[in-house]
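Chain by chain, the residues run as shown.
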Amino acid sequence: MLVRKAVRSLGNPLRGIFYPSVTVNRSQTALAQARSVLENELDTIRAGGTWKGERIITSKQGAHIYVDGSHGDILNFCANNYLGLSSHPAVVEAGVKALQSYGAGLSSVRFICGTQDLHKNLERKLAEFHEREDAILYASCFDANAGLFEVLMGPEDAVLSDELNHASIIDGIRLCRAKRLRYRHLDLNDLEDKLKEAQSSRLRLIVTDGVFSMDGDVAPLKEICDLSDRYGAMVFIDECHATGFLGPRGRGTDELLGVMDRVQIVNSTLGKALGGAAGGYTVGPKPLIDLLRQRSRPYLFSNSLPPPVVGCSTRAVELLLESNEIAQSMTAKTMRFRNAMTAAGFTISGKGHPICPVMLGDARLASLMADDMLKLGVYVIGFSYPVVPKGKARIRVQISAAHSNEDIDRCVDAFIQTGRKHGVVS
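Computed from a predicted structure; not experimentally measured. Every residue gets a number counted from 1 within its own chain, in the order that chain's sequence is written. Local features in a predicted model are, by the rule used here, given only for residues with pLDDT of at least 70; side-chain atom pairs are given and counted only at 80 or more, and totals for whole chains, interfaces and linings are based on all residues. Based on all heavy atoms of the structure, the side-chain values leave hydrogens and waters out of the count.

Caption draft 1: Structural view of unusual backbone geometry. Here Tyr385 and Pro386 are connected by a cis peptide whose omega angle stands at 10°. Unlike most non-glycine residues, Glu131 shows phi in positive territory, near 60°. For Glu131, the location among the structural elements is in the loop between helix 5 (117–130) and strand 3 (134–138). For Leu186, which is not a glycine, the phi torsion comes out positive at approximately 60°. Assignment of secondary structure puts Leu186 in the loop between strand 5 (179–183) and helix 8 (188–197). By the criteria applied, helices consist of DSSP H or I runs no shorter than four residues and strands consist of E runs no shorter than two, each listed in order from the N terminus.

Below you can see the structure in the form of structure tokens.
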């Protein structure tokens, strides 16, 4: 009996060699099936003209860049580098000093051993900049949006969200258990109806982008705040495309529209106007920030922001606290582009924001025109579904404080030349 068991045990390893496992075969079949599904989906994207390639930049980010495969200096008109601080000498120097003094990273989340005085200093300056009680840093504003709503809002509460809010806001709201009410884009009457519907809820939170990034339109915050006062709601805004350059001092949409003391919670990014590296944050009432430190999952389970990023962002905020000169330069440059493009026959969405969507409608046309613009030395990108709705393809131009008037005029000339080639303008 013992001999028979020993023989069987010796034979079992050989069985896997001479007779391939059915489990392995099924696994390989599943992978082949998944590969086929994925390739079909990719083919559909290519056929629809919505394929998003990635151009390779071989220089610093700025108004003038170098692009792999292109010759000479290229004008960049599609970065979120609104204030031109991504390569600002003082910002870069601050990042280098932080790297040398504090290292490359913390290898830890904040509450274990990942909080340096560098992080606390930046949080204090962000709270000061936005004139709020406290601030908390995240790895990105996507994380800030993902980490806020499930902490603040419970099943007895209600969230009222603009239908065109950023994907990170939508995903963040999905994570919370509050009643979710979506109102039509910028429609104050529909928002009021939803507020009436939510009157039985414990807390009501109106959620909106300050600036909607695809169209450059600005939320009517004064009227939204009036409704919040009337129906007992709080107001949250995402300021990723406003912080640093909207308003007299660059504080954002709430400053621009005179409601800084009426908006309770602001989320924004360090990855656009404030140095362009990475990171996001929430500013608001101190009890909220304290609770986020205890329960916000992206904060608790993500590594701390690297010291060089914190150093760069801190210096960018300091520059804006010291002077509003850079922020004030944006308006004239934005209107120079918008007015010239409108006079040439193009349709430009939005009003007065540095995001200037050149509306084209057709996805393939937007892609082809963007490619032709690059040949003329201007870097822009076509936006199409699913980034924007079907039939709403556009080239989103973004004006930077680093652009000169000559840069702007050259961009307009390239659009006119390309637009004529494709029959968009005459």
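Now, onward.
Caption draft 2: Focus on the environment of Gly258. Note on placement: Gly258 falls in the loop between helix 10 (253–256) and strand 10 (265–269). Relative accessible area serves as the criterion here: at 56%, Gly258 is assigned to the exposed category. Placed 37 residues apart in sequence, Gly258 and Leu221 show a C-alpha to C-alpha distance of 8.7 Å. When a residue's accessible area, from a 1.4 Å probe over protein chains only, is under 20% of the maximum for its type it is buried; when over 50% it is exposed; and in between it is partly exposed.

Caption draft 3: Structural view of the UniProt feature "domain: Aminotransferase class I/classII large" (unreviewed entry) in the protein. With numbering aligned to this structure, UniProt lists the feature "domain: Aminotransferase class I/classII large" (unreviewed entry) at residues 73–415. Along residues 73–415 one finds 43% helix and 17% strand; the C-alpha atoms at either end are 17 Å apart. UniProt positions are given in the numbering used here, feature names are shortened, and annotations may be inferred rather than shown by experiment.

Caption draft 4: Representation of the sheet that holds strand 2 (residues 74–76). Pairs of strands are assigned from DSSP output, requiring at least two bridges between the strands. Taken together, 3 strands build an open sheet; the order of strands is 1-2-13 and the sheet is mixed. Edge positions in the sheet fall to strand 1 (64–65) and strand 13 (378–379), since each of these pairs with one other strand and no more. Relative to strand 13, strand 2 is paired through 2 bridges, and the arrangement is parallel. Residue Asn76 lies in a different strand from strand 13, and its bridge partner there is Tyr379.

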